[in-house]
Every structure is written in C-alpha cells, then in structure tokens.
Amino acid sequence: MTKIQEILFKYQDEKYADFSAKLVPTLSRDAFIGIRAPNYKNIIREINCLPAEEKENFLKDLPHKYHEENCLQIALINKIKNYDECLAALENFLPYINSWAVSDGLNPPVLKKNRMQLLPKLELWIKADEPYIKRVGMLLLMKYFLDDDYKADYLELPASIRSDEYYVNMMTAWLFAEALVKQWDTAITFIQNKKLDTWTHNKAIQKACESFRVSDERKDYLRTLKIHSL
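Reading the values: rules and limits
- Residues numbered from 1 in each chain as written.
- Predicted model: local features only at pLDDT ≥ 70, side-chain atom pairs only at ≥ 80, totals over all residues.
- Heavy atoms only, no water.
- 1 Å grid on protein atoms, 1.4 Å probe; cavity = no way out; pocket = protein on both sides within 12 Å on 5 of 7 lines; lining within 4 Å.
- Points joined across faces, edges and corners; volume = space filled by probe spheres on them.
- Helix = DSSP H or I, 4+ residues; strand = E, 2+ residues; numbered from the N terminus.
- Nonpolar A, V, L, I, M, F, W, Y, C, P; charged D, E, K, R; others polar.
- Axes fitted to C-alpha atoms, helices over the stretch in contact; angles between N-to-C directions.
- Parallel < 35°, antiparallel > 145°, perpendicular 65-115°, else oblique.
- Left-handed = near helix turned anticlockwise from the far one by under 90°.
- Contact = heavy atoms within 4.5 Å.
- Buried < 20%, exposed > 50% of the residue type's maximum accessible area, 1.4 Å probe, protein only.
- Arc of directions from axis to C-beta.
- Core = buried A, V, L, I, M, F, W, Y, C linked by side-chain atoms within 4.5 Å.
- Phe/Tyr/Trp six-rings, centres within 6.5 Å; stacked < 30°, edge-to-face > 60°.

Student: Would you mind showing me how to read the layout of surface pockets here?
Tutor: A probe as big as a water molecule, rolled over the atoms, marks out the empty space that is left. Here the largest pocket is characterised by a volume of approximately 330 Å³. Along the walls of the largest pocket sit 15 residues, with Lys 55, Leu 59, Ile 80, Glu 85 and Ala 89 positioned nearest its centre. Of all the secondary-structure elements, those providing two or more residues to the lining of the largest pocket are helix 3 (39-48), helix 4 (52-60), helix 5 (67-78) and helix 6 (83-93). Here the residues of the lining of the largest pocket sort into seven nonpolar, three polar and five charged. Volume-wise, the second largest pocket comes out at about 260 Å³.

Student: Explain the packing of helix 1 (residues 3-10) against helix 3 to me, please; I cannot follow it from the model alone.
Tutor: Two elements in contact, helix 1 and helix 3, have axes separated by 10 Å at closest approach and are oriented at 150°. Judged by the angle between their axes, helix 1 and helix 3 are roughly antiparallel. Judged by the sense of rotation from one axis to the other, the crossing of helix 1 with helix 3 is right-handed. Along its contact with helix 1, which presents Ile 4, Ile 7, Leu 8 and Lys 10, the element helix 3 presents Ile 43, Glu 46 and Ile 47. Looking at side-chain class alone, the contact of helix 1 with helix 3 contains five nonpolar, no polar and two charged residues.

Student: Before we go on, may I ask you to explain the environment of Asp 30 in this structure?
Tutor: With respect to the helices, strands and loops of the structure, Asp 30 is situated in the loop between helix 2 (14-23) and helix 3. C-alpha separation for the pair Asp 30 and Asp 18, spaced twelve residues apart in sequence, amounts to 9.7 Å.

Student: Which parts of the structure should I look at to understand helix 13 (residues 184-192)?
Tutor: Think of an α-helix as turning once every 3.6 residues; residues three or four places apart then point the same way. For helix 13, the set of buried residues is Trp 184, Ala 187, Ile 188, Phe 190 and Ile 191. Take helix 13 and look down its axis: the buried residues cluster within an arc of 150°, on one side only. Those residues of helix 13 that are buried lie in contact with helix 11 (156-159), helix 12 (166-182), helix 14 (198-209) and helix 15 (216-224). Where helix 13 ends, the next residue or the one after it, Lys 194, has phi of about 50°, a positive value.

Student: Where do I start with unusual backbone geometry in this structure?
Tutor: Leaving glycine aside, a negative phi is the common case for residues, and trans is the common case for peptide bonds. Omega for the bond connecting Leu 62 with Pro 63 falls within 30 degrees of zero, at 0°, which places this linkage in the cis form. With respect to the element layout, Pro 63 can be found in the loop between helix 4 and helix 5.

Student: What should I look at first to understand the nonpolar core in this one?
Tutor: For soluble globular proteins, nonpolar side chains are generally found buried alongside one another. In this structure, Ile 43, Leu 72, Leu 111, Leu 118, Trp 125, Leu 140 and Leu 155 are the most contacted members of the largest nonpolar core, which totals 76 residues. Every residue in contact with Leu 72, bar those within four places of it in the chain, is listed here: Ile 4, Leu 8, Tyr 40, Ile 43, Ile 44, Ile 47 and Phe 58. Core analysis: the next-biggest nonpolar cluster, separate from the first, contains six residues, Ala 17, Ala 21, Val 24 and Phe 32 among them.

Student: Could you clarify how one ought to interpret the packing of aromatic side chains in this entry?
Tutor: Between two aromatic rings, the relevant description is the distance of the centres plus the angle of the planes. Tallying each qualifying case throughout the model produces seven aromatic pairs. On the numbers, 4.9 Å between centres and 85° between planes, the contact of Tyr 166 with Tyr 167 is edge-to-face. Tyr 167 sits in the buried class, given a relative accessible area of 16%. With centroids separated by 5.6 Å and ring planes inclined at 55°, the aromatic side chains of Phe 176 and Phe 190 adopt a geometry described as tilted. Pair noted here: Phe 176 is in helix 12 and Phe 190 is in helix 13, with a separation of 14 residues, a long-range link. Phe 190 shares its class with Phe 176; the two are buried.

None of this, on its own, says anything about what the molecule does.
And the structure:
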C-alpha cells in the first residue's frame, strides 16, 4: 500500500462505500474505499506534508486502483495554478477517468481563467471516442461557455453526438438544459429543430422543466416539443 493509499484508508467509511457504489453502478463495489467529500480537504493537507515526489508519483502512476484515488486526482488537478501544467496533468489523466462521479468533479480555476485557450481542446475531447473524455469536453463547455463568451455555434458539436453511452447522452441533455436556462433564444432552436437524438431531446426538456430557473410559461412550451414514441 502506498503512503497516499494509507492516508485515504484513514478516512474509510464502509457504509458510505456501499452507498457510493450504488451511485456509480459502472464500477464494482471493490473499487470503493468510502470517503466522504469533506474529508478530501484533510487528505490533501496530509499529502502536502509528504515529500513532493509522493504526490508527483501519485499523479503519474495510472491507472489507480480505487475510485477515491481518481477523485483525489481530480481534486489535485483542480488546485494546479499554472495553465500548461494543469492541462498536461488533465490530459494525462483523461484516458483513465471511468465514472461520472470523477469527471464531474473537474473545475480547475486556471482552465476557466484561460478558457478561450482551452476551447480547441474541448472540441477535440467532445469528438473523442472515449465516453468520459467526451463527457469532460461537454462538462467544461457547459461550465465555461454558456455565459459571457457564449456563441450558439458552440452547441452544434454536442448536438451532433449520437451515442449508445448513457453517461454521454445524459451529459448532452444536461448541457442543453443549462443552455435553455442561460441562452434560451438560441438554445430553444436546437429543440424546435430536433437536432438532438430523441432520448436526449426529451431528457433535456425534462431537466429544463425541473429547473426553478425556467419560467412556467417556457416549461409549458417545452412540454409541447417533446417527441412521443409511436
């Protein structure tokens, strides 16, 4: 067992591991240590007291055995303050992301600060064959490009996705639901013109209708746009 694994197991909660495994059914129960999210702050503090090479080796020694090691990897990537270093660490880890719970924790401030530089990478990731790389691309597009830097063209690539992967289609639906919240005038045209596959189209409408940030009038209109199976 590595020193970092020893630190992680100090915070083990078997019941929470059982609970986490149910939330991430794509992984086996053996992949979970059982660590509650608030404990990662303490874990990172302990890791920072180790020799620097311990953390460096952890970030490079992939794939990890445990789900929580992957969560820790994302937490450490989020804290990297240099853009090039952060991007390199993320790209090194992308092929090993194996669950929505790991991918969705990604949100490095340095990437957001340099988002226009990051944009071409997001386009490449969205086109990737690997489902969680594709999900990461859409996740960061949703987080960084639905506000001041928004362009309707950014939604064209996600709208073109046709996938059998549940966690890809769910991310696409989430992205479009958020776009309907923040950029209604252009996002609604993708729904009106049925640019998404049927399942994702209907799921995006459902998620938008569940949001308190969408008016009742718009929700009523969205419901009229649902695609009903024959």
